[in-house]
Amino acid sequence: MKAFKNFHPVSLAVYFLSVLTVLMFTKNPVLQAEALVGAALFLGALQGVGTLLSDAPFYLALFAMTALTNPLFSHNGVTPLFFMNGNPVTLEALLYGVSLAATVIGALILCRCFCDVMTSDKILYLAMAASPKFSLVLSMALRFIPMLVKRFHRVERAQRTMGLYSGKSVSDRVKFHVRVFLSMIPWTLENAMETSASMRARGYGKYIKRAEKIKNGKNVKNVKCEKKKRTNFSLFKFTPRDAALIFVCLLSFGISLLGEAFFSVGFEYYPRLGALRLTAWSAAVYAVFGAVTFMPFLIEVKEALVWKYCVSKI
Amino acid sequence: MRREKVKKALVCLAFSILIPTLVTVGYLAFGERRYAWIILSATVLFVASFFLYFEKTESKTGRLLVIASMTALSCVGRVVFAPIPGFKPVTAITVICAIYFGAEAGFMTGAMSALISNLYFGQGPWTPFQMFGWGIIGFFAGLLSERLKKGKAFLLLYALFSGVLYSLIMDVWTVLWADGFFNLSRYAAASLSALPFTAVYVVSNAVFLLIGLKPVGKVLERIKTKYNL
């Protein structure tokens, strides 16, 4: 069950953008830890623990590399651990490296969740609301891609059968691929032109004259030509649940930002490690942001439990 | 009609109040990462306002379809050339499309290619910069179209320029974001470790442009006159 996927695309976009922005720009270790752990659990719930474990070496290597190389680039900080090539390796720089690594990996994991949750139909829906022409290009291109891959392989097979496709060296492979690729271009473009002619014939983007309004039994003379509203196909319904998600996300985003700016949520590594201060505001920020980051995971778990329970009852 | 008005009002509100407020609060909030924040916001806003401009000006369905097909072709290129590491025709196709269909079409092709191919290869914080990078490469190619059509030397120079510009755009942001200022040593390390990729990238740009410009240009020219685009 992928319960979090069922939210409205707008809510999902707000969720990911708000969490990602805070994660990428905050230096507060509590917020970073919450976002990192929340995103990792979310990915585990989405793609299974197996995927998470098989990717773990990559993330750990990236973590180590980012954390350990930071002192080489940055010599800020007041607590030198040792000297390398005459440059101090400081504690602050090392810790900043750890924080940087956590941010990078958190962002990567969250973006993978994003790709899993925001499928192309949802992105198309969002684009449609913003700009019809942009979304036309987007939807056309999305449809062309599988078609073109199929065509590519058709041409490739045909050429292979003709014995034109035999070399093994890189330059040969490039040459053959390029030849097949070039042969697709006129085909695709002619095809697109036919599509466009067909769209024009069916009245795409044309002004449609509204039926004349009859007022008090008289025809009103000045009839405006109006563009008829283009409808779009979507299966998404905006429910109170979606509104609630948007509200919580914006709330957490707002108080995190204000907290960073004015209310002691900010955290500094240079020149001297800052201290985490626990005030009412920062406690609220930690609580709300924590709730937001762990919510997708909890929703998935709850949904999985409900599913299991229902099955076992049958 | 009322919906249109509401939408217009919302766009005005967003551009005049919401976005400036958000950027300012972010600037105050994000400490050393404020410059990265500003650059990210500026990039996203630039791309978004270009799309809005496109929405207002581009009117021919045929041109939209050409952009869609070129975008699809460059994404497919990224997929089918995947066995040959580093060889991607995205830049070449963007540049060719820009030369024959103008700077705006070039920007759209580049930006859309980045957005759509990342649906297959993974979105990330880099997506806006990729969109901007490929878009601006297309845009400049459209502005320089006459010279690019004529000289092979200029074409090669542009391939080099676009490769370097692309990695520059990606690396500068990484450095600014990690350090909060332009840390030269980190930038040098990032550029050096990316050097093999940049080199392959430049070579593949040059190869694709040299091989592709004539035949694809002929097709595009023909389509342009045949369908009056």
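In what follows, the structure referred to is the one given above.
Residues numbered from 1 in each chain as written. Chains lettered and ligands numbered in written order. Predicted model: local features only at pLDDT ≥ 70, side-chain atom pairs only at ≥ 80, totals over all residues. Heavy atoms only, no water.

## Observations regarding the interface of chain B and chain A
Item 1. Between chain B and chain A, the residue contacts involve 72 residues of the former and 66 residues of the latter.
Item 2. With both sides pooled, the region where chain B packs onto chain A buries about 6100 Å², and carbon together with sulfur makes up 78% of that total.
Item 3. At the boundary of chain B with chain A, the tally comes to two salt bridges.
Item 4. In this structure, B:Arg222 engages A:Glu190 in a salt bridge whose closest nitrogen and oxygen atoms are separated by 2.4 Å. (Contact = heavy atoms within 4.5 Å. Buried area = accessible area lost by both parts, 1.4 Å probe. Salt bridge = Lys/Arg side-chain N within 4 Å of Asp/Glu carboxyl O.)

## Description of helix H3 (residues 61–80) of chain B
Item 1. The end-to-end C-alpha distance of H3(B) is 28 Å, a good match for the 28 Å that 20 residues give at a rise of 1.5 Å each.
Item 2. In terms of burial, H3(B) is largely enclosed, as 19 of its 20 residues are buried. (Helix = DSSP H or I, 4+ residues; strand = E, 2+ residues; numbered from the N terminus. Expected span 1.5 Å × (residues − 1). Buried < 20%, exposed > 50% of the residue type's maximum accessible area, 1.4 Å probe, protein only.)

## A look at a nonpolar patch on the surface
All names here are of chain A.
Item 1. Taken together, the side chains of Leu-72, Leu-81, Phe-82, Met-84, Leu-91, Leu-95 and Leu-273 define a hydrophobic patch exposed on the protein surface, amounting to about 570 Å² of accessible area.
Item 2. Of all the secondary-structure elements, those providing two or more residues to the nonpolar patch are strand E1 (80–84) and helix H3 (91–117).
Item 3. Classification of Leu-72 by relative accessible area gives partly exposed; the value is 42%. (Patch = residues over 30% accessible without salt bridge, like charges linked within 9 Å, V, L, I, M, F, W, Y side chains within 5 Å. Areas by Shrake-Rupley, 256 points an atom, 1.4 Å probe, with all protein chains shown as cover.)

## Description of unusual backbone geometry
It is generally the case that most residues other than glycine have a negative phi and that most peptide bonds are trans.
Item 1. The phi angle at B:Asn228 is positive, at roughly 55 degrees, despite the residue not being glycine.
Item 2. Its location among the elements puts B:Asn228 in the segment after helix H9 (184–227).

## Structural notes on the packing of aromatic side chains
Item 1. Scanning the model with the defined rule gives 23 aromatic pairs over all chains in all.
Item 2. On the numbers, 5.9 Å between centres and 90 degrees between planes, the contact of B:Phe50 with B:Phe139 is edge-to-face. Of this pair, B:Phe50 sits in helix H2 (residues 34–57) while B:Phe139 sits in helix H6 (residues 127–143), and the two are 89 residues apart along the sequence.
Item 3. Residue B:Phe50 is classed as buried on the basis of its relative accessible area of 10%.
Item 4. Accessibility expressed as a relative area gives 22% for B:Phe139, which makes it partly exposed.
Item 5. Pairing B:Phe81 with B:Phe208 gives two aromatic rings, centres 5.1 Å apart and planes at 80 degrees, and the pair type is edge-to-face. In this pair, B:Phe81 sits in the loop between H3 and helix H4 (90–101) while B:Phe208 sits in helix H9, placing the two residues 127 residues apart along the sequence.
Item 6. On the basis of relative accessibility, which here comes to 0%, the residue B:Phe81 falls in the buried class.
Item 7. Grouped by ring-pair contacts, the aromatic residues A:Phe4, A:Phe7, A:Tyr15, A:Phe16, A:Phe42 and A:Phe114 constitute a single cluster. (Phe/Tyr/Trp six-rings, centres within 6.5 Å; stacked < 30°, edge-to-face > 60°.)

## Here's the deal with the nonpolar core
Item 1. Counting 146 residues, the largest nonpolar core has A:Phe25, A:Leu138, A:Phe181, B:Met70 and B:Leu220 as its most contacted members.
Item 2. For this core, the leading source of residues is helix H5 (residues 132–161) of chain A, giving 13 residues.
Item 3. With residues near it in sequence (within four places) discarded, A:Phe181 still touches A:Phe152, B:Leu73, B:Gly77, B:Val80, B:Phe81, B:Pro89 and B:Ile93. (Core = buried A, V, L, I, M, F, W, Y, C linked by side-chain atoms within 4.5 Å.)

## Focus: the pairing of E1(A)
Residue and element names in this part refer to chain A.
Item 1. In this structure, E1 lies alongside strand E2 (residues 87–90), joined through four bridges in antiparallel fashion. Bridge pairing in E2 places Phe-82 opposite Val-89.
Item 2. Taking the residues between adjacent antiparallel strands as the criterion, E1 and E2 are bridged by two residues, where Asn-85 takes a positive phi near 50 degrees. (Pairing = 2+ DSSP bridges.)

## Brief notes about the environment of B:Cys97
All names here are of chain B.
Item 1. Within the secondary structure, Cys-97 sits in helix H4.
Item 2. It is 37 Å that separates the C-alpha atoms of Cys-97 and Gly-180, two residues lying 83 residues apart in sequence.
Item 3. The residues touching Cys-97, leaving out its near neighbours within four places in the chain, are Met-70, Gly-102, Thr-109 and Leu-220.

## What about the packing of H5(A) against H3(B)?
Item 1. At a closest axis distance of 7 Å, the pairing of H5(A) and H3(B) adopts a crossing angle of 45 degrees. By the angle between their axes, H5(A) is oblique relative to H3(B). Note that H5(A) runs across H3(B); the crossing there is right-handed. Facing A:Lys133, A:Leu136, A:Val137, A:Met140, A:Ala141, A:Phe144, A:Ile145, A:Leu148, A:Val149 and A:Phe152 of H5(A), the residues of H3(B) in contact are B:Leu64, B:Leu65, B:Ile67, B:Ala68, B:Ser69, B:Thr71, B:Ala72, B:Leu73, B:Cys75, B:Val76 and B:Val80. (Axes fitted to C-alpha atoms, helices over the stretch in contact; angles between N-to-C directions. Parallel < 35°, antiparallel > 145°, perpendicular 65-115°, else oblique. Left-handed = near helix turned anticlockwise from the far one by under 90°.)

The quantities given are spatial measurements derived from coordinates; they are silent on function.
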